Structures are given as structure tokens and as C-alpha cells.
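Remarks on the overall topology
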Amino acid sequence: MQETRLDTARIRAARRVIDPVFLDTPLYRCEALEPGLGCTVSIKLETANPVRSFKARGTEVVASLLADKGSRAAVCASAGNLGQALAWSGRGRGLDVTVVASRFATRAKLDRIRALDAGLELVDGDHEMARERAAAIARYDGIRLVEDSLDIETCEGAATIGLELVDTAPSFDTVLIALGGGALATGVGHVVKALAPEVEVICVQPLGAPAMTRSWRGRRVVTTDSTDTIADGVAGRRPIPAVLNDLLLVADDAVLVQEASIIAGMRMLLDHAGLVVEPSAALGIAAILEDRDRFADRHVVTIVCGSNVDVDAYHRWVGTTPVHRS
């Protein structure tokens, strides 16, 4: 494999600084899903931790390095999950964390960022505007800007998921990875291609937020003017060139899925796996639903990457009725 920015030795070392609460997440075959999908399906469950997503693997590495250098503050832009993760990792190491997010981000994610004692600044725009504001704060205050996917620590923290897949899973043919900024896809993809190159790495993105997939297909950065998807965790418009370069080396394919398939995937994970997930976490199931013939008779691993979802929105999407207690 050609060289990415990632390093397998550093990824192995990252496990020593990541709190064990985020490591060795459940990995299991979910037979109840298989009749509806037509293939063998294993789930890597990245939601069974204090921040309900994989993001803390990366922020643990970032915060550990900052603490070692005596840094006291950091800022990031986030759709919600990175912000929670950095707040959690920073709080444990005495860092002053500021998160910039869109005012239209999922309310539950914003509430949890506040609950973790981080400063929260909201912008009247989308995630790209939040990125610009976070960069301005970092310049003005002279503090560390944590940029998801661009900062190699976020990718190599996520890549520890790949180590666990390769080291513990029975033989599998395909791994389906949610694609947004690219930290998860490039991290897991790097490890899988380095240690199990026969496994197909397929990235999945919503049709309503296609920038990184279009960039991967065109082998150049393609931006979009807007996004239109319920999968807020992967709704970027401006791919980072260095991340795209890594993705071009590790991804075998990148596919786009419709909103209806994402919702159907969320409902399947609820009905057949007992999992309440955010839309981004259902992208892998959505990809199988849209192309059953492609995955027929394969053993597919899908990474369930987050479960930070607004309860009311979730009930609207999957058609369940919330329980009201007096």
C-alpha cells in the first residue's frame, strides 16, 4: 500500500493513552438482521461509552498530547459528537475546551456538550461556518485548534477500531464505514488495508451530503454549496485535501445512499438489534439495503458509530411513539 499520513505503530501506541472505556467495543454477529439484508452482518458498536460515539478515541490522543505539553486550552468546531468527545477528554486532563457549533445542530448534542463543562459558541450557519469561527478563536486566543480529520490524532485514534476488527473478528469480506470528514474512514481503512488487504473498504455517505464521495470519485476536491440530510454528523461541504489523499489510498469504493434508506436502516437496527442510533450510524445498513445483490453471501462488518440523536426527531423518523410518563 502507498503511504498515507497514518502510521500503524503510532496507532498501536494510541491504545496506551486512550481511556479503556472507549476501547474494545462490542463486536458481534447480528443474525436477526441477516434475513432482511441477505448477507452475514457483524456490528462494531461504538456507542457503548460515555459520549456515545467513536470520536473520543481521537480526542483522547489529542488531549493526552496537549496535557503532556502543558497546554491548557483547545477549541474545535463540531456537529456535536467531536465536541462532546473533546469536552470529555479535556475535562479529565484539566483543559479549557471551547466548542463552536451551528445553532441548528441537534439539541441533545449541544446540551451534552454544556453538561461536560465545555464552553459552547453557536453560529448562525452550518458546520463550515463553525469551522471558520473556531479557527478565528484559535488565532485570537493563541490556543490549539482541533480539526477533525485534518489532525492526524483524530484519524489514528479512530484507526484503533481497525486494529480491533482485524485482531478479533472472524474472517470478513467487507467493512462499511460512514464517511463525513474522513477520520473514521481513513483511520479504519488504513489499518484494514495494511493488515487485511483482501477486505473491501466501502465508505458510505448520504446523497444529500456528497462532497467527499464526489471528491473520491473525481480524485480531486469537490465542494458543494449546501447539504440536505438528516445525517448531520457527516454533512460536510468542503473536503480537506490531505484527508482526500489518504482516502484515495485506502477506500475501495464510496457510495451514496438515500434518506429513505438511512431511515429504514435506523428502524432495522431498532427492531432487530435493539439499537437506537443516529442517522450516520445507519449508513452501512442503508448501503446494503440499496444494493443487496452486491453484498449477497458476504460477511459484512458495519461500524455503528454514534447514538447521539434528538429523541423527538428519532420518533418522527422511525415512526415509533414516545412513552410519556406522568
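Let me begin by describing the structure that accompanies this report. Numbering of residues starts from 1 in every chain and runs along the sequence as written. Side-chain atom pairs in this predicted model are given and counted only at pLDDT of 80 or more, local residue features only at pLDDT of at least 70, and totals for whole chains, interfaces and linings cover all residues. For side-chain calculations, the full set of non-hydrogen atoms in the structure is used, while hydrogens and water are omitted.

1. Concerning the sheet that holds strand β3 (residues 73-77)
Each pair of strands is called paired provided DSSP finds at least two bridges between the two strands. Strands here mean DSSP runs of E at least two residues long; helices mean DSSP runs of H or I at least four residues long; both are numbered from the N terminus. Judged by pairing direction, the sheet is parallel, and its 4 strands sit side by side in the order β5-β4-β3-β6 without closing on themselves. At either end of the open sheet lies a strand with only one pairing partner, and these are β5 (119-123) and β6 (144-146). Sheet twist, expressed as the mean angle between neighbouring strand axes with direction ignored, is 25°. Two strands pair when backbone bridges link them, and β3 and strand β4 (residues 96-102) are joined in this way by 5 bridges, in the parallel orientation. For Ala77, the partnering residue across the bridge sits in β4 and is Val100. Against the sheet, helix α5 (residues 107-115) engages β4 and β5, with an angle of about 150° to β5. Only heavy atoms matter for contacts: two residues are in contact if any of them lie within 4.5 Å across the pair. Here the axes come from fitting lines to C-alpha atoms, over the contacting stretch only for helices, and the angles between their N-to-C directions go from 0 to 180 degrees. Against the sheet, helix α6 (residues 127-141) engages β3, β4, β5 and β6, with an angle of about 160° to β3.

2. Comments concerning the pattern of salt bridges
Oppositely charged side chains may form a pair once their charged atoms are brought near each other. Each reported salt bridge corresponds to a side-chain nitrogen of Lys or Arg within 4 Å of a carboxyl oxygen of Asp or Glu. By the definition in use, this model includes 26 salt bridges. Arg5 is paired through a salt bridge with Asp246; the nearest N and O atoms lie 2.6 Å apart. Here Arg5, found in the segment before α1 (8-14), pairs with Asp246, found in helix α10 (residues 241-250); they are 241 residues apart in sequence, far enough to count as distant. Relative accessible area serves as the criterion here: at 3%, Asp246 is assigned to the buried category. Salt bridges sharing partners connect three or more residues here, namely Arg15, Asp24, Lys44, Glu46, Arg57 and Glu164. Each residue is assigned to one of three classes by its accessible area relative to the maximum for its type, calculated with a 1.4 Å probe on protein chains only: buried under 20%, partly exposed between the two thresholds, exposed over 50%.

3. Here's the deal with the pairing of β5
Taken together, the 5 bridges between β4 and β5 define a ladder with parallel strand orientation. Within β5, the position partnered with Val99 by the bridge is Leu120.

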